[in-house]
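Analysis of the macromolecular model
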Amino acid sequence: MDENKPMNNLPKPNKDLNSKRTDYLEWHDFFMATAFLAAKRSKDPVSQVGAVIVNKERKIVGTGYNGMPIGCSDDEFPWSKSSDPLKSKHLYVCHAEMNAVLNKNSADVKNCTIYVGLFPCNECAKIIIQSGIREVIYLSDKHAHKKETVAAKRMFEAVGIKYWQYKPENQRIVIDFSEIDWNNQRQVPYTPIKEILENNIDTSRKVPLTLDT
């Protein structure tokens, strides 16, 4: 029996299954990616923004994304921009930062860090300040020229909140649900008894086997 025989006739995985992985996500990558994953819940057709709040122990204590207030139908309230303020989404949508603070699963978010896809507006900056968050890590600053962003930065600087732009080394992080299936991977040498168990071989014929011990 070939000890290197791959299980279920599949090719042997091209990676070391007996050593610590080296291609795991770093903390900043993990938290920003989580914010982007939360953003996938947003119904906004233009901007999908997510936010994640992390404490000093690197535990997530709050997540949020931009969306309508609880009880306000996503199908009845506007998602467009309009010259009529009452028909524009801006008067109704709760931003990701607000929802992350309100969705917290801890007593408070003092001294925490918030990861967010887009630099906070002035209204979210007020909430961040009032909640006690001390650091803002953002990906995009595409609205840097707008007065709301300028005001937000002015307030952060006034109260000593650190903010800086996250620069990912990789532009894409892929979530592959099939990776959880380890049936085609193994960590110990292949043996005849494994072939019996994996392929349901009939052993009633009393064929002698040499078993590895």
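All of these numbers come straight from a predicted model, not from anything done at the bench.

1. Regarding the packing of helix H3 (residues 122–131) against helix H4 (residues 147–159)
Closest axis-to-axis distance for the H3/H4 pair is 8 Å, and the angle between their directions is 20°. Overall, the two elements H3 and H4 adopt an arrangement that is roughly parallel. Mapping the contact onto sequence places Asn-122, Ala-125, Lys-126, Ile-128 and Ile-129 in H3 and Glu-148, Ala-151, Ala-152, Met-155, Phe-156 and Val-159 in H4. When the residues that make up the contact of H3 with H4 are grouped by side-chain class, the tally is eight nonpolar, one polar and two charged.

2. Some points on a nonpolar patch on the surface
A surface patch of nonpolar side chains, amounting to about 360 Å² of accessible area, comprises Leu-25, Trp-27, Phe-30 and Ile-173. Inspection of the secondary structure assignment puts Leu-25 in the segment before helix H1 (27–39). Here Leu-25 falls in the partly exposed class, since its relative accessible area comes to 41%.

3. Focus on the packing of aromatic side chains
Tallying each qualifying case throughout the model produces nine aromatic pairs. Centroid distance Phe-77 to Tyr-92: 5.1 Å. Interplanar angle 65°. Geometry classified as edge-to-face. Taken together, the positions of Phe-77 in the loop between strand E2 (60–65) and helix H2 (96–102) and Tyr-92 in the loop between E2 and H2 put the pair 15 residues apart, joining distant regions of the chain. Where Phe-119 meets Tyr-163, the ring centres are 5.4 Å apart and the plane angle is 85°; that geometry is what we call edge-to-face. Here Phe-119, found in the loop between strand E3 (113–118) and H3, pairs with Tyr-163, found in strand E5 (residues 162–165); they are 44 residues apart in sequence, far enough to count as distant. Residue classification places Phe-119 among the buried residues on the basis of a relative accessible area of 5%. These aromatic residues form a ring-pair network of at least three members: Trp-27, Phe-30, Phe-31 and Tyr-115. The ring of Phe-119 has Lys-153 sitting right over it, with the charged end atom 5.1 Å from the ring centre.

4. Remarks on the confidence of the model for the chain
As a note on interpretation, predicted positions should not be read in detail where pLDDT is low. On average, residues of the chain score 86 in pLDDT, and 78% of them reach the 70 mark or higher. Note on residues 206–213: pLDDT under 50 across the span, and six contacts to partners over four residues away in sequence or across chains.

5. Considerations on the nonpolar core
Of all hydrophobic cores here, the largest spans 21 residues; its most connected members are Ile-53, Ile-114, Ile-128, Ile-133, Val-136 and Phe-156. Of all elements in the fold, only strand E1 (50–54), H2, E3, H3, strand E4 (135–140) and H4 reach the threshold of two or more residues within this core. The contacts of Ile-133, once residues within four sequence positions are left out, are Ile-53, Val-101, Val-109, Asn-111, Cys-112, Thr-113, Ile-114, Ile-128 and Ile-161. Core analysis: the next-biggest nonpolar cluster, separate from the first, contains eight residues, Phe-31, Val-52, Val-54 and Tyr-166 among them.

Conventions and cut-offs
Residues numbered from 1 in each chain as written. Predicted model: local features only at pLDDT ≥ 70, side-chain atom pairs only at ≥ 80, totals over all residues. Heavy atoms only, no water. Axes fitted to C-alpha atoms, helices over the stretch in contact; angles between N-to-C directions. Helix = DSSP H or I, 4+ residues; strand = E, 2+ residues; numbered from the N terminus. Parallel < 35°, antiparallel > 145°, perpendicular 65-115°, else oblique. Contact = heavy atoms within 4.5 Å. Nonpolar A, V, L, I, M, F, W, Y, C, P; charged D, E, K, R; others polar. Patch = residues over 30% accessible without salt bridge, like charges linked within 9 Å, V, L, I, M, F, W, Y side chains within 5 Å. Areas by Shrake-Rupley, 256 points an atom, 1.4 Å probe, with all protein chains shown as cover. Salt bridge = Lys/Arg side-chain N within 4 Å of Asp/Glu carboxyl O. Buried < 20%, exposed > 50% of the residue type's maximum accessible area, 1.4 Å probe, protein only. Phe/Tyr/Trp six-rings, centres within 6.5 Å; stacked < 30°, edge-to-face > 60°. Lys NZ or Arg CZ within 6 Å of the ring centre and 35° of its normal. pLDDT = per-residue confidence, 0-100. Core = buried A, V, L, I, M, F, W, Y, C linked by side-chain atoms within 4.5 Å.

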